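Chain by chain, the residues run as shown.
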Amino acid sequence: PDIGMPPEFMEFLTMLAHQARVTGAEAVYTGKSRKLGGFPHKQWMVTGRGIFTSMEIAIRKLGLSKEATVSIQGFGDVGGSLAHLILTRSLLKLTVLVDKNSTTETIYILECPAGFQAKDEWKGEILRLVKEEKSLAEFNPSLLGPGVTLRDSSDPAFVNNSVTLPSDIFIPAAGPNVITLGNVAEVLKNHRLIVEGANIPFEPPAAARFDEKGGKR
């Protein structure tokens, strides 16, 4: 299952497998509820955990610092779980989070140059949003200030530079084709490693250019 495939859909498909007398019908589909033998993907952060582990391996192989800076585009199941894992299981500095309201199309960019781990209240607020499945728009405004800023696309002066904001590691964890021929040069300049958390984050020509120039992903 992927975007737009809730447990109810997977349960319906499992039911059809049962009706067709498929051997091991409960094992045919993932994403089911626990009552049909599934397990809580979101609670156990399954996708984010796999990406996090791959990132740790890449960091070691490339010799990057264990305190490298990280930016994440996306704050849903994948991006949110990655934020949680980075804040609780690593020394990496999470400096940028990006979210998008799927209804209003509003983009939110939350920046913390020192890293959200720098203060317990910043870290705690991100972990709260992940746990409660809230948007970055609901970040506690009393915590905003010189250390943490929140921009959104409802502001006429807003510039969506979420892909190119400098960080050692950039994780696209939302929609596809966010790295294009138009921004791949800046991506190469501003990031040392791309960890692909989204489906097809590169447009094909941009991927070819990125690889030709020695980008790491």
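One structure accompanies this document, and this report is about it. These numbers come from a predicted model, not from an experiment. (Residues numbered from 1 in each chain as written. Predicted model: local features only at pLDDT ≥ 70, side-chain atom pairs only at ≥ 80, totals over all residues. Heavy atoms only, no water.)

### Regarding a nonpolar patch on the surface
Alright, step 1. A cluster of nonpolar side chains, contributed by Phe12, Met15 and Leu16, occupies part of the molecular surface with about 260 Å² of accessible area.
Alright, step 2. In this fold, Met15 is placed in helix H1 (residues 7-19). (Patch = residues over 30% accessible without salt bridge, like charges linked within 9 Å, V, L, I, M, F, W, Y side chains within 5 Å. Areas by Shrake-Rupley, 256 points an atom, 1.4 Å probe, with all protein chains shown as cover. Salt bridge = Lys/Arg side-chain N within 4 Å of Asp/Glu carboxyl O. Helix = DSSP H or I, 4+ residues; strand = E, 2+ residues; numbered from the N terminus.)

### Notes on the packing of helix H4 (residues 77-89) against helix H5 (residues 120-131)
Alright, step 1. Orientation of H4 relative to H5, taken along the N-to-C sense of each, is 145 degrees, at an axis distance of 9 Å. Note on packing geometry: the crossing formed by H4 with H5 is left-handed. Here Gly80, Ala83, His84, Leu87 and Thr88 of H4 come into contact with H5, specifically with Lys123, Ile126, Leu127 and Val130.
Alright, step 2. Class assignment of the residues belonging to the contact of H4 with H5 gives a composition of 5 nonpolar, 3 polar and 1 charged. (Axes fitted to C-alpha atoms, helices over the stretch in contact; angles between N-to-C directions. Left-handed = near helix turned anticlockwise from the far one by under 90°. Contact = heavy atoms within 4.5 Å. Nonpolar A, V, L, I, M, F, W, Y, C, P; charged D, E, K, R; others polar.)

### Here's the deal with the packing of aromatic side chains
Alright, step 1. Taken as a whole and judged by the stated rule, the model has 1 aromatic pair.
Alright, step 2. Here Arg217 stacks its cationic end above the ring of Phe202, 4.8 Å away from the centre of that ring. (Phe/Tyr/Trp six-rings, centres within 6.5 Å; stacked < 30°, edge-to-face > 60°. Lys NZ or Arg CZ within 6 Å of the ring centre and 35° of its normal.)

Function cannot be read off these values alone, since they describe shape.
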